[in-house]
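# Reading the structure
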Amino acid sequence: MEDVAKQIGNNIKAARKAKKLTQKEVAQHMYMTQQQYSRFENGKFEFNYSQILQLCDLLDITPNEVFEK
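The structure reproduced in this document is the subject of the present report. What you see is a predicted model, and the numbers here were worked out from it, not measured in a lab.

## A few points about the side chain of Q51
Within the secondary structure, Q51 sits in helix α4 (residues 49-59). Leave out the neighbours within four places in its chain, and Q51 touches M30, M32, F40 and E46.

Okay, structure coming up:
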């Protein structure tokens, strides 16, 4: 399960960087601290369904892209 969380985090990080956004900018949009958001990208914490949809909207990606291997 840890590998899956890491892969999801890596996918999110790549999408964030492609949009030229900082962790802090994404965190503010997600109404959380940069530290909380960082845990998602590092695979230490999991998003809930509504957060995934909000993140997809912000990063202009699909949920499938979040979960891609």
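## Thoughts on a negative patch on the surface
A surface patch of negative charge is lined by D57, D60, E65 and E68. Among the structural elements, E68 can be located in the segment after α5 (63-67). In this structure E68 comes out as partly exposed when scored by relative accessible area, which is 48%.

## Re the nonpolar core
Membership of the largest hydrophobic core comes to 16 residues, with the highest contact counts inside it found for I12, Y37, F47, L55 and L59. If you list the elements that add at least two residues to this core, you get α1 (2-18), α2 (23-29), α3 (34-41) and α4. If we skip the residues at most four places from it in the chain, I12 touches Y37, E41, F47, L55, L59 and V66.

## What to know about α3
Inspection of α3 places Y37, S38, F40 and E41 among the buried residues, and these make up the whole buried set. For α3, the arc enclosing every buried residue in end-on projection is 155°, short of the 170-degree limit, so these residues lie on one face. Positive backbone phi, at 75°, marks G43, one or two positions downstream of α3.

## As for the packing of aromatic side chains
Going through the model one piece at a time under the given rule, you end up with three aromatic pairs. Ring geometry for F40 and F45: centres 5.4 Å apart, planes at 65°, overall edge-to-face. Between F40 and F47, the ring centres sit 3.7 Å apart and the planes meet at 10°, which makes this aromatic pair stacked. Under the relative-accessibility criterion, F40 is labelled buried at 4%. Connected via pairs of aromatic rings, a cluster forms that spans Y37, F40, F45 and F47.

Scoring rules and cut-offs
- Residues numbered from 1 in each chain as written.
- Predicted model: local features only at pLDDT ≥ 70, side-chain atom pairs only at ≥ 80, totals over all residues.
- Heavy atoms only, no water.
- Helix = DSSP H or I, 4+ residues; strand = E, 2+ residues; numbered from the N terminus.
- Contact = heavy atoms within 4.5 Å.
- Patch = residues over 30% accessible without salt bridge, like charges linked within 9 Å, V, L, I, M, F, W, Y side chains within 5 Å.
- Areas by Shrake-Rupley, 256 points an atom, 1.4 Å probe, with all protein chains shown as cover.
- Salt bridge = Lys/Arg side-chain N within 4 Å of Asp/Glu carboxyl O.
- Lys, Arg positive; Asp, Glu negative; His and termini not counted.
- Charge placed at Lys NZ, Arg CZ, Asp CG, Glu CD.
- Buried < 20%, exposed > 50% of the residue type's maximum accessible area, 1.4 Å probe, protein only.
- Core = buried A, V, L, I, M, F, W, Y, C linked by side-chain atoms within 4.5 Å.
- Arc of directions from axis to C-beta.
- Phe/Tyr/Trp six-rings, centres within 6.5 Å; stacked < 30°, edge-to-face > 60°.

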